[in-house]
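Each chain, written out:
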Amino acid sequence: MIVLAWIAFHASRSLVRGFLLHFGHHPVHLNEQSGTSNMGNNCVCREDSGAEDNVDSPSQQTESRIVPASESRNRPRDPVRPPRRGRGPHEPRRKKPNVDGLVLDTLAVIRTLVDNDQEPPYSMITLHEMAETDNGWLDVVQSLIRVIPLEDPLGPAVITLLLDECPLPTKDALQKLTEKLNLSAATAVQDSSNPAKHRNTTAVLGCLAEKLAGPASISLLSPGILEYLLESLNFRFHPMVILFALIALEKFSQTSENKMTVSESRISDRLLLLETWTNNGDFLKRQVGFCAQWSLDNLFLKEGRQLTYEKADLVPINAMLNSNDVSEYLKISPYGLEARCDASSFESVRCTFCVDNVVFGIMK
């Protein structure tokens, strides 16, 4: 009996000791499992969060938005992503393009364009886009009149180039331009101290007269504009103003009704005075005399005046420009030794003799 009790005592003590030992190690095992399970879940969460299109959690987005101002200013622009062109709801409005600056930029860069394959400069493209509306076209034309200097020999070429590339103006735009310019004989006299403005105005009128035809050209030649151009032929004005006023009248006269209107204004009397500059030593005045003489011989004939080519002495001349092999808008002198082109198109003429050596001269 005693032996059985002793065996039961040792068995129960071993059982209790094993039981206590088992529960002493089990929490550690549970903690290890829970830690491993949490770590696995964390890894899976991180992998899932990175797989969902790189979308950060709200806390991470908040942290990313809180960036010092200096760091955001100094951060380099992403070279791949182009800058946004549109204006956001909180962004200030963009400034209106400076039309005068664009015109002067075109004048400065136009002399560098030597090939037909070259892209037009940015300033010219911007001006063309602006001129697609009536108000934009009026802004461009008024800027051409206002800012192009008299002393730049390419000024008239820029006026012709820009107006030639711009869309044709509407009837309303022409009417608004006439009202804004408000030209008359008195205007030519009052602003005679500003020859650049008058040169540019007459150049613009000449370009428009060349581009427009028929009713548009007839409506543009209002009584006020006709008086302005005729008054600009006066000797007291700058020769450049006289030259481009005469060219504008020639281009208006390409329409038969305008030619009749100009002829009835007794323009031939004014041209007879300007013809005396044909052999002037000042080459600018000489150009005026050349155009006046050509107009008297071809456009505005004066009754009782003998045509110049009928009295020209051609005996000492061995070679001359062939008037029978010439394009339409080229002006040839009565002696056949001078030619002039006032059209925006390319004109050419051939000589009656083969030329081996030649010296080109340009009169400004």
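Check the entry above for the structure.
The model shown is predicted, which means the values in this text are computed figures rather than measured ones.

Topic: the environment of Cys341
Then comes step 1: For Cys341, the position within the fold is in strand β3 (residues 339-341).
Then comes step 2: By relative accessible area, Cys341 is classed as partly exposed at 34%.
Then comes step 3: If sequence neighbours within four positions are ignored, Cys341 has contacts with Tyr329, Leu330 and Glu347.

A look at helix α8 (residues 171-181)
Then comes step 1: For α8, the full list of buried residues reads Ala173, Leu174 and Leu177. The buried residues of α8 occupy an angular sector of 100 degrees when projected down its axis, which confines them to one face. Facing away from the buried side of α8, by more than 90 degrees, are the exposed residues Lys171, Asp172 and Glu179.
Then comes step 2: Where α8 terminates, the next one or two residues include Asn182, which has phi positive at roughly 50 degrees.

Regarding the packing of aromatic side chains
Aromatic rings considered in pairs are described by the distance between their centres and by the relative angle of their planes.
Then comes step 1: Scanning the model with the defined rule gives one aromatic pair in all.
Then comes step 2: Note on Phe235 and Trp277: the rings are 5.0 Å apart at their centroids and 70 degrees apart in plane angle, and the pair reads as edge-to-face. Residue Phe235 is located in the loop between α12 (223-231) and α13 (239-252), and its partner Trp277 is located in the loop between α15 (267-274) and α16 (283-298); the two are separated by 42 residues in the primary sequence.
Then comes step 3: In this structure Phe235 comes out as partly exposed when scored by relative accessible area, which is 38%.
Then comes step 4: Residue classification places Trp277 among the buried residues on the basis of a relative accessible area of 10%.
Then comes step 5: Above the ring of Trp277, the side-chain terminus of Lys285 is found at 5.2 Å from the ring centroid.
Then comes step 6: For the cation-ring pair, Lys331 lies above Trp294, with the distance from its terminal atom to the ring centre recorded as 5.1 Å.

Some words on the side chain of Ser217
Then comes step 1: Residue placement: Ser217 occurs in helix α11 (residues 215-220).
Then comes step 2: In contact with Ser217, other than residues within four places in its own chain, are Ala209, Leu212, Phe252, Thr255 and Asn258.

What to know about unusual backbone geometry
Then comes step 1: Even without a glycine there, the phi angle at Asn182 is positive, about 50 degrees.
Then comes step 2: Summarising the element assignment, Asn182 is placed in the loop between α8 and α9 (185-190).
Then comes step 3: You can call Asn182 exposed: its relative accessible area is 56%.
Then comes step 4: Positive phi values are uncommon outside glycine, yet Arg266 reaches one of about 60 degrees.
Then comes step 5: Following the sequence through the fold, Arg266 ends up in the loop between α14 (256-263) and α15.
Then comes step 6: For Arg266, a relative accessible area of 58% translates into the label exposed.

Examining the nonpolar core
Then comes step 1: By size, the foremost hydrophobic cluster in this structure holds 68 residues, and its most contacted members are Trp137, Leu229 and Leu233.
Then comes step 2: The leading source of residues in this core is α13, at ten residues.
Then comes step 3: Not counting residues within four places of it along the chain, the set of residues in contact with Trp137 comprises Met130, Ala131, Cys166, Pro167, Pro169, Ala173, Leu174, Leu177 and Leu208.

Quick word on the packing of helix α7 (residues 155-165) against helix α10 (residues 195-211)
Then comes step 1: Look at α7 against α10: their axes get within 10 Å of each other, and the N-to-C directions meet at 35 degrees. In this structure, the crossing between α7 and α10 has a hand that is right-handed. Across the interface between the two elements, Gly155, Pro156, Ile159, Thr160, Leu163 and Asp164 of α7 pack against Arg199, Asn200, Ala203, Val204, Cys207 and Lys211 of α10.
Then comes step 2: Residues of the contact of α7 with α10, tallied by class, amount to six nonpolar, three polar and three charged.

Let's talk about the packing of α15 against α16
Then comes step 1: Viewed as axis vectors pointing N to C, α15 and α16 meet at an angle of 140 degrees, and their least axial separation amounts to 8 Å. With respect to each other, α15 and α16 are oriented oblique. In the packing of α15 onto α16, the handedness of the crossing is left-handed. Each of Ser268, Leu271, Leu272 and Leu274 in α15 lies in contact with α16, whose residues at this interface are Val288, Gly289, Ala292, Ser295 and Leu296.

Regarding a nonpolar patch on the surface
Then comes step 1: There is a patch of nonpolar side chains on the surface, built from Leu314, Tyr335 and Leu337 and spanning about 280 Å² of accessible area.
Then comes step 2: Within the secondary structure, Leu337 is located in the loop between β2 (330-332) and β3.

Considerations on the pattern of salt bridges
Then comes step 1: Enumeration according to the criterion identifies twelve salt bridges in this entry.
Then comes step 2: A salt bridge links Arg305 to Glu275; the nearest nitrogen and oxygen atoms lie 2.8 Å apart. Placement of the pair is Arg305 in the loop between α16 and α17 (308-311) and Glu275 in the loop between α15 and α16, with a sequence separation of 30 residues. Like Glu275, Arg305 is buried.
Then comes step 3: Three or more residues joined by partner-sharing salt bridges are found here, namely Glu250, Lys331, Arg340 and Asp342.

Rules behind the numbers
Residues numbered from 1 in each chain as written. Predicted model: local features only at pLDDT ≥ 70, side-chain atom pairs only at ≥ 80, totals over all residues. Heavy atoms only, no water. Helix = DSSP H or I, 4+ residues; strand = E, 2+ residues; numbered from the N terminus. Buried < 20%, exposed > 50% of the residue type's maximum accessible area, 1.4 Å probe, protein only. Contact = heavy atoms within 4.5 Å. Arc of directions from axis to C-beta. Phe/Tyr/Trp six-rings, centres within 6.5 Å; stacked < 30°, edge-to-face > 60°. Lys NZ or Arg CZ within 6 Å of the ring centre and 35° of its normal. Core = buried A, V, L, I, M, F, W, Y, C linked by side-chain atoms within 4.5 Å. Axes fitted to C-alpha atoms, helices over the stretch in contact; angles between N-to-C directions. Left-handed = near helix turned anticlockwise from the far one by under 90°. Nonpolar A, V, L, I, M, F, W, Y, C, P; charged D, E, K, R; others polar. Parallel < 35°, antiparallel > 145°, perpendicular 65-115°, else oblique. Patch = residues over 30% accessible without salt bridge, like charges linked within 9 Å, V, L, I, M, F, W, Y side chains within 5 Å. Areas by Shrake-Rupley, 256 points an atom, 1.4 Å probe, with all protein chains shown as cover. Salt bridge = Lys/Arg side-chain N within 4 Å of Asp/Glu carboxyl O.

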